[in-house]
There are 2 protein chains.
Amino acid sequence: MKVSQLFTKTSKTAPADEVSKNAQLLIRAGYVNKEMAGVYDYLPLGKIVLGKIMDVIREEMNGVGGSEISLTALQQKDTWEASGRWSDDVMDVWFKTRLANGTELGLAPTHEEPLTKLMKGFISSYKDLPVYPYQFQIKFRNELRSKSGLMRGREFWMKDLYSFSRNQEEHDAFYEKISEAYARVYSRLGLGAITYKTFASGGSFAKYSHEFQTLSPVGEDKIYVHEGKKIAINEEVYNDEVLADLGVSRNELVERTAVEVGNIFTLGTKFSDALDLNYTDEAGKSKRVFMGSYGIGPSRVMGLIAEHFADDKGLVWPENVAPFTVYLVRIGGEAAVAHADELYDEMTSKGIEVLYDDRDERPGAKFADSELMGIPYRVTVSDRLLEAERYEYTPRASGVTESLTRGQLLAKLG
Amino acid sequence: MKVSQLFTKTSKTAPADEVSKNAQLLIRAGYVNKEMAGVYDYLPLGKIVLGKIMDVIREEMNGVGGSEISLTALQQKDTWEASGRWSDDVMDVWFKTRLANGTELGLAPTHEEPLTKLMKGFISSYKDLPVYPYQFQIKFRNELRSKSGLMRGREFWMKDLYSFSRNQEEHDAFYEKISEAYARVYSRLGLGAITYKTFASGGSFAKYSHEFQTLSPVGEDKIYVHEGKKIAINEEVYNDEVLADLGVSRNELVERTAVEVGNIFTLGTKFSDALDLNYTDEAGKSKRVFMGSYGIGPSRVMGLIAEHFADDKGLVWPENVAPFTVYLVRIGGEAAVAHADELYDEMTSKGIEVLYDDRDERPGAKFADSELMGIPYRVTVSDRLLEAERYEYTPRASGVTESLTRGQLLAKLG
């Protein structure tokens, strides 16, 4: 893509009311626009990054047998009254609205109830189990405060997968499998080294409810990390029973702040009890379906990646989620233009994702934009470099420029 | 994909309150689930079809220079008060809600206002124009009645593109270009022959507001069709002035009912006036940006395709939007199973999209499911056919079975 085709512009300032670093940078670099606190539009560059994060998650969910669906935001009262979660006293993040005829509706903050109800139409026998529907869907949560940019949204993207199993044993096997898939997701998104599978419920269920927590100074959660075992315990269940269950002691653990980037829950029969979701087992006996739920917020993860890797010059995207791999800067007259045009075509035809700064701007402005946008590799073509038959190649993360021949350059990016 | 991996099941009945043919069939075949009138979940098969329709539209929008973005459902009052469209008396399809602090919000039924406001941050000079942002986004419309299945949703998918141009001349050129792109969309979706570019506003703007109307007995619109010129006039502007503008006379036109599958509007400076969106022209003078908007509802189009092509056995998808190209039926014992498994692998490795009915069901049930689901080609493998070294090949549309050798079969599907 050419920068001249991109309708966004970078900016030196963010809205005065935006206090989070991730949103400030994403707004300044033209990735998102703030509608209101916790509600962000995705502009072309932001849409690409969000899509790449979703693609990684989708691959891993398909890999564990997930079936992609898409449920609705509008929700009926009776479905949620069955589980007791319609009341604002029980679930305090509801946005409610009304049909023209006055009927009260809700905007889904999560989807256990409608999906459990839906599955009653498709699950009747043990032969129908297990199944793993999932979706990427806009969730609405009426948060009282929302000051963490993309990391705490009132309207945000969520991947939610739900498991429907015959019994706890079948469930547990899947729980382990998706737990490993989650670890692969964070690793592919560049967060593997700082993301901990974190025990999040105590006692005998300790093994069956976890958060994935990524270390971050702006995190809202406090966790206790065992660096050697690469596990952690959430503050809420940091007690002797859990420590004993895990076979670790307090002096091995370090207190850290972290952001919850995913969670995996054993629901058991809570929702199948409430909504009467049963199956007939091999012996002809009616049993409750055993459920689990598994969430990752792609928009929160995008905010966290932005926040975590940024430096004083702007964003620094890991290659897997960057909107483009190369930021091509051209400096100079006709020869440089023709040469850069041709290099852009060649790289693009090789499948390299290039954002080509074809504007008539001064070099400093182009360099600053490439840094603020956080594109992994900057390649510079100039009259002076052409004379020497060289290109400048500058990884965003290191900022260290190398002088390369064309062959060397294409080999690096190939 | 194997039918055993699909969690949905076909059904002989649809919900009693579902009166539209498209939704009845899509529910019975397991493509969608009805949450309430005008609000449908997309199940695995439905999600694939919706995605294919979106892919066709996306390609064509990118082809005319569109930039994909994603705006928010939650909307602020002041943005819409600027244009006078916040009031329920002016726009009667609003769903409204409130933040926890009591602030009133709306759920976007369309996006002219927030996007115009957003573009103020990116448009200042003639050099910034034209630009064509678009999105696929969930829209909310609080329709009083919603009895047409996916064709009139309260929560539905919309592709909306907005054009921002320097002046009417630049706008008109784009208007023609996107009009041609729209025609290509309907043609690629199998609706080309029955879709008419329809004049939808009268007088001197007759050239600059059109609907794309697809003939259908269940359509809610009345149009007057000129079959020779492949154009039509909407009932609302069917008057002498428009007839004269178009150079056609009443006796050349036929009255038909139709479904609006898209629209293209010249907005002019209506929203740039209201929200003060200006640019500085080549001479340094401040001018209003000239706008247009262009909508296609992928979920409505999906409903219409379902409704239009269906027969008494069920759905009949055009190949471009079908969730799978081939429905592979296996009948018989071990040899048939092994052979069908192997054929499935070969077709899949050749990139043919196959839904393989690997269930131990009687042949009649498999045939009925393949017909209800509307997969374009059914291929049957059976013990008897294997002896003769033959396969049965049955296009869904014709229902006429041919007996083919393996080479002939793969050539047909290649």
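Values in this document were obtained by computation on a predicted structure and should not be read as measured data.

The rules we used
Here the residue numbers are simple positions, counted from 1 along each chain's written sequence. Key to labels: chains lettered from A, ligands numbered from 1, both in the order written. Only residues with pLDDT of at least 70 get local features here, since the model is predicted, and only at 80 or more are side-chain atom pairs given and counted; chain-wide, interface and lining totals rely on the full set of residues. Here the rule is simple: two strands pair whenever DSSP picks up at least two bridges between them. Numbered from the N terminus, helices here are DSSP runs of H or I no shorter than four residues, and strands are runs of E no shorter than two. Structural elements are reduced to axes, namely lines fitted to C-alpha atoms, with helices fitted over the stretch in contact, and the angle between N-to-C directions of any two is expressed from 0 to 180 degrees. A pair of residues counts as a contact when their C-beta atoms, built from backbone coordinates, are within 7 Å of each other. Fitting of the copies onto one another was done by least squares over C-alpha atoms, counting residues only where both copies have pLDDT of at least 70. In what follows, roughly perpendicular refers to angles from 65 to 115 degrees, roughly parallel to angles under 35, roughly antiparallel to angles over 145, and oblique to any angle outside these ranges. Residues are sorted three ways: Asp, Glu, Lys and Arg are charged, Ala, Val, Leu, Ile, Met, Phe, Trp, Tyr, Cys and Pro are nonpolar, and all the rest, Gly among them, are polar. Either an automatic procedure or a domain database provided the assignment from which the domain bounds are taken.

*Asks:* A description of the sheet that holds strand S4 (residues 74–76) of chain B should follow, citing residues and the corresponding values.
*Replies:* All names here are of chain B. Reading across the sheet, the three strands line up as S4-S6-S5 and stay open at both edges, with antiparallel pairing between neighbours. Strands at the two margins of the open sheet, each flanked by one partner only, are S4 and strand S5 (95–98). Recorded for the sheet is a direction-independent mean angle of 45° between the axes of neighbouring strands. Note that S5 and strand S6 (residues 104–107) share four bridges and pair antiparallel. From the neighbouring strand, Phe95 faces S6, where its bridge partner is Leu107.

*Asks:* Break down the sheet that holds strand S21 (residues 402–404) of chain A for me, with residues and values.
*Replies:* Residues and elements named next belong to chain A. Pairing is mixed across the open sheet formed by five strands, whose spatial order is S18-S17-S19-S20-S21. In this open sheet, the two edge strands, each paired with only one partner strand, are strand S18 (354–357) and S21. The sheet shows a mean angle of 25° between the axes of neighbouring strands, direction not considered. Packed onto the sheet, helix H10 (residues 363–373) meets strand S17 (326–331), S18 and strand S19 (377–382) and runs at close to 175° relative to S17. Here helix H12 (residues 406–413) sits on the sheet and contacts S17, S19, strand S20 (391–395) and S21; the angle it forms with S20, its principal contact strand, is near 25°.

*Asks:* Requested: an account of the relation of the copies chain B and chain A, with residues and values cited.
*Replies:* Each copy of the sequence occupies a distinct position, and chain B is placed on chain A by a rotation of 180° and an axial shift of 0.0 Å, giving an RMSD of 0.0 Å. With respect to symmetry, the two chain copies, as superposed, fit the operation of a two-fold axis. The position closest to the rotation axis in chain B is occupied by the C-alpha of Thr97(B), lying 2.6 Å away. Both copies share a contact surface, since 100% of the interface residues of chain B are interface residues in chain A too.

*Asks:* Which residues make up the packing of helix H1 (residues 21–28) of chain A against helix H8 (residues 298–309) of chain A, and what are the values?
*Replies:* Residues and elements named next belong to chain A. Two elements in contact, H1 and H8, have axes separated by 8 Å at closest approach and are oriented at 90°. Of the possible angle classes, the one that applies to H1 and H8 is roughly perpendicular. Where H1 abuts H8, its residues Lys21, Asn22, Leu25 and Leu26 lie against Gly303, Ala306 and Glu307. Tallied by class, residues from the contact of H1 with H8 come to three nonpolar, two polar and two charged.

*Asks:* Go over the domain arrangement of chain A, please, and point to the residues and values.
*Replies:* Under the domain assignment used here, chain A contains domain 1 (7–309) and domain 2 (326–413). Computed from C-alpha atoms alone, the centre-to-centre distance between domain 1 of chain A and domain 2 of chain A is 39 Å.

*Asks:* Which residues make up the interface of chain B and chain A, and what values go with them?
*Replies:* Taken together, the 37 residues of chain B in the interface contact 37 residues of chain A. Along the lines of polarity and charge, the residues of the side of chain B that touches chain A split into 21 nonpolar, eight polar and eight charged.

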